[in-house]
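# Overview (structure and organization)
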Amino acid sequence: MTSIVADYISSRDRSVDDPAEQKKIAKDVTQQRAILSQFAEATQVEKFTDLRQEDLYYYVSVLERLPKIYRKNAEDQARKLEEILERAEELPADQVGLAPATINRNVTALQGFLKFAKSRGTKPAETLDLSCLRKPCDDDERSARLAFSENDMASIARHPVWTGCQSSVRRNEKGAMVIKDGLYWGPIVASLSGTRREEIMGMTLDEVDLTHKYPHLHIRKNRNRRLKNAASERLVPLHDALAQLGFHDYVADLKARGEVDLFPELKPQTEKGSFGDVFYGKWKQISDSQLGERAQRRTFHSFRHRFISVLRHETDAPKDFVKDLVGHKHQDETDGRYRKMIDYRDQILEKLAPVVNQLPADTWLDQLK
């Protein structure tokens, strides 16, 4: 088993010239290695030819019994999986069991591993079925559960980054200085556009079109980052509130100065770093200080979850339009292909702009006042 895992990881860890693509590959390799290591520790199967359906079932049962949060500190990382499971038995029910989406992600990783082994002619002890191990996962429920609440949004907006800080190096202390950079604009734009962290942080200025009738973002691959999948390339109209907040002026100023990136100060200093990683350290301090314990289950991605949840449940926005905005795949392949064709830019933006503007922006506008 160890040998096949090593070969599988090696097959995914390919070298490419594009730095952004290489970062994506490195992240995938790290995740695959962690999942398969966890699987091996849970099942204790040493030979691939001994692998049975009951081993897969047992692994999923382990994921369902693990604490929702574990191995986040050095002490916990040193514990064996068996010890962590024992400790989980003493926790309240609502603190145990990984999310269905996480379990399904791990099952998908196993599926890729088994497919690789099969391609080499290596067979398990019996035919394995992973489809029966997947958990029902309602995207709408998941988005609502992980989304920022109105109170969360208000708490975040009260941080000195938006109300006034001491200086560029003392952003967490109250003062009279408001610095409009990536730390300031990133959360605002993400909350009003549904963009992922790396999508907005690694954005280049040529992805921001302010000259069109409907100012918008054209999210696509660039030299800073790759996209999650093909559906992630999309057109997202800018919320009207962004102009009131001064985002358009910010972009125009950067272009006048000859900048290339939307947030040039977030440029990583190492080849393996990313714009999102540079941002994350600063954002984490804001999240922890403003949200307290809720920060453990809320991340920057919660802006995206809130965007989806509000539009799906609190407005009359068509479901397909919301999918277009956030880059989710359509079940109808022809429909999906039509929607991302740049030839239909005007029609797409005309339909999507009213949807974006149904999202409340009071949190940020109130701070401006």
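This paragraph deals with the overall build of the protein chain. Helices and strands together make up the secondary structure of the protein chain, namely 19 helices and five strands. Radius of gyration (C-alpha) of the protein chain: 23 Å, near the 21 Å computed for a compact globule of 369 residues. The buried share among the 369 residues of the protein chain stands at 46%. In the protein chain, once contacts between residues fewer than 6 apart in sequence are set aside, the share between residues at least 24 apart is 65%.

The subject of this paragraph is the packing of helix α16 (residues 319-326) against helix α18 (residues 345-356). One way to put it is that α16 packs onto α18 with a least axis distance of 10 Å and a crossing angle of 95 degrees. If you check the angle between α16 and α18, you find them roughly perpendicular. Facing Phe321, Asp324 and Leu325 of α16, the residues of α18 in contact are Lys351, Leu352, Val355 and Val356. Among the residues forming the contact of α16 with α18, the class breakdown is five nonpolar, no polar and two charged.

For the rest of this paragraph, the subject is the pairing of strand β5 (residues 234-237). Residues Arg234 and Val236 point to one face of β5 and Leu235 and Pro237 to the other, with burial holding for every one of them. Across four bridges, the pairing between strand β4 (residues 216-219) and β5 is antiparallel. Pairing of Ile219 across the sheet is with Arg234, part of β5.

As for its position among the elements, Gln285 is in helix α14 (residues 275-291). Look at Gln285 and you get partly exposed, because its relative accessible area is 42%. In sequence terms Gln285 and Asn172 are 113 residues apart; their C-alpha atoms lie 8.0 Å from each other.

A word on the pattern of salt bridges. Enumeration over the complete set of coordinates arrives at 22 salt bridges. Linking Arg52 and Glu126 is a salt bridge whose minimum nitrogen-to-oxygen distance equals 3.2 Å. Within this pair, whereas Arg52 is found in the loop between α2 (19-43) and α3 (53-65), its partner Glu126 is found in the loop between α6 (100-119) and α7 (139-146), the two being separated by 74 residues in sequence. When its relative accessible area of 38% is taken as the criterion, Arg52 is described as partly exposed. A residue is classified by how much of its surface remains accessible, and Glu126, at 30% relative accessible area, is partly exposed. Here Arg223 ties to Asp261 by a salt bridge, and the two come within 3.0 Å at their closest N and O atoms. Remark: Asp261 occurs in the loop between α13 (247-256) and α14 and Arg223 occurs in the loop between β4 and β5; sequence separation between them is 38 residues.

Tracing the backbone through its elements, the reader meets Thr315 in the loop between α15 (301-313) and α16. Taking the C-alpha atoms as reference points, Thr315 and Lys255, separated by 60 residues in sequence, lie 35 Å from one another. Ignoring sequence-local partners within four residues, the contact set of Thr315 consists of Val310 and Gln358. At 3.2 Å, the side chain of Thr315 and the backbone nitrogen of Ala317 are in polar contact.

Those residues of helix α1 (residues 2-12) not exposed but buried are Ile4, Val5, Tyr8 and Ile9. In an axial view of α1, the angular spread of the buried residues amounts to 135 degrees, which keeps them on one side of the axis. Across from the buried face of α1, at angles greater than 90 degrees, the exposed residues are Thr2 and Ser10. Buried residues in α1 make contact with α2 and α6.

For Ser302, the position within the fold is in helix α15. Residue class for Ser302 comes out buried when judged on its relative accessible area of 1%. Sequence-distant contacts of Ser302, defined by excluding residues within four places in its chain, comprise Leu146, Ala147 and Phe148.

Let us look at the packing of helix α10 (residues 182-193) against α14. Axis separation between α10 and α14 bottoms out at 11 Å; the angle between their running directions is 75 degrees. In terms of orientation, α10 and α14 fall into the roughly perpendicular class. Contacts from Gly182, Leu183 and Pro187 of α10 reach α14 at Phe279, Lys282, Trp283 and Ile286. Looking at the contact of α10 with α14 residue by residue, the class counts come to five nonpolar, one polar and one charged.

So, on to the packing of aromatic side chains. Taken as a whole and assessed by the stated rule, the structure comprises 16 aromatic pairs. Ring geometry for Tyr8 versus Phe116: centroids 5.4 Å apart, planes at 50 degrees, classification tilted. Of the two residues, Tyr8 is situated in helix α1 and Phe116 in helix α6; the sequence distance between them amounts to 108 residues. On the basis of relative accessible area, Phe116 is assigned to the buried category, the value being 16%. Here the aromatic residues Phe148, Phe279, Trp283, Phe300 and Phe303 are joined through ring pairs into a cluster of three or more.

Membership of the largest hydrophobic core comes to 60 residues, with the highest contact counts inside it found for Trp185, Ile188, Phe247, Leu262, Phe303 and Trp364. By residue number, the principal contributor to this core is α10, which donates seven residues. With 36 residues, the next largest nonpolar core counts Tyr8, Leu36, Val45 and Leu51 among its residues.

Quick look at unusual backbone geometry now. A positive phi is found at Gln44, a non-glycine position, where the angle reads about 60 degrees. Here Gln44 is to be found in the loop between α2 and α3. Owing to a relative accessible area of 57%, Gln44 belongs among the exposed residues under this scheme. For Arg71, which is not glycine, the phi torsion reads 55 degrees and is therefore positive. Relative to the assigned elements, Arg71 resides in the loop between α3 and α4 (74-77).

About the cut-offs
Note on numbering: residues in each chain are counted from 1, in written sequence order. Where totals are concerned, whole chains, interfaces and linings use all residues; where local detail is concerned, this predicted model gives features only for residues with pLDDT of at least 70, and gives and counts side-chain atom pairs only at 80 or more. As a rule here, side-chain values cover all heavy atoms of the structure and leave hydrogens and water aside. Helix and strand definitions here come from DSSP, where helices need a minimum of 4 consecutive H or I residues and strands a minimum of 2 consecutive E residues; each element is numbered from the N-terminal end. Atoms counted for the radius of gyration: C-alpha only. Globule rule: 2.2 Å times the number of residues to the power 0.38. Burial classes follow relative accessibility: with a 1.4 Å probe on protein chains only, a residue under 20% of its type's maximum area counts as buried, one over 50% as exposed, and anything between as partly exposed. Contacts are assigned to residue pairs that have any heavy atoms within 4.5 Å of one another. What counts as an axis is a line fitted to C-alpha atoms, over the stretch in contact for a helix, and the angles between N-to-C directions run from 0 to 180 degrees. Roughly parallel here means an angle under 35 degrees, roughly antiparallel means over 145, roughly perpendicular means 65 to 115, and every remaining angle is called oblique. Charged means Asp, Glu, Lys or Arg here, nonpolar means Ala, Val, Leu, Ile, Met, Phe, Trp, Tyr, Cys or Pro, and polar covers whatever is left, Gly included. The criterion for strand pairing is that DSSP finds at least two bridges linking the strands in question. The working definition used for a salt bridge is a side-chain nitrogen of Lys or Arg within 4 Å of a carboxyl oxygen of Asp or Glu. Side-chain atoms alone can form a polar contact between residues adjacent in sequence; in general such a contact is a pair of N or O atoms within 3.5 Å, and within protein one must be able to donate a hydrogen while the other accepts it. In this context, the arc is that of the directions from the helix axis out to the C-beta atoms. A pair of Phe, Tyr and Trp rings is counted when the ring centres sit within 6.5 Å of each other, with Trp represented by its six-membered ring. The angle between the planes then sorts it: under 30 degrees is stacked, over 60 is edge-to-face, the rest tilted. Definition of nonpolar core: a set of buried residues of the types Ala, Val, Leu, Ile, Met, Phe, Trp, Tyr and Cys, connected through side-chain atoms within 4.5 Å.

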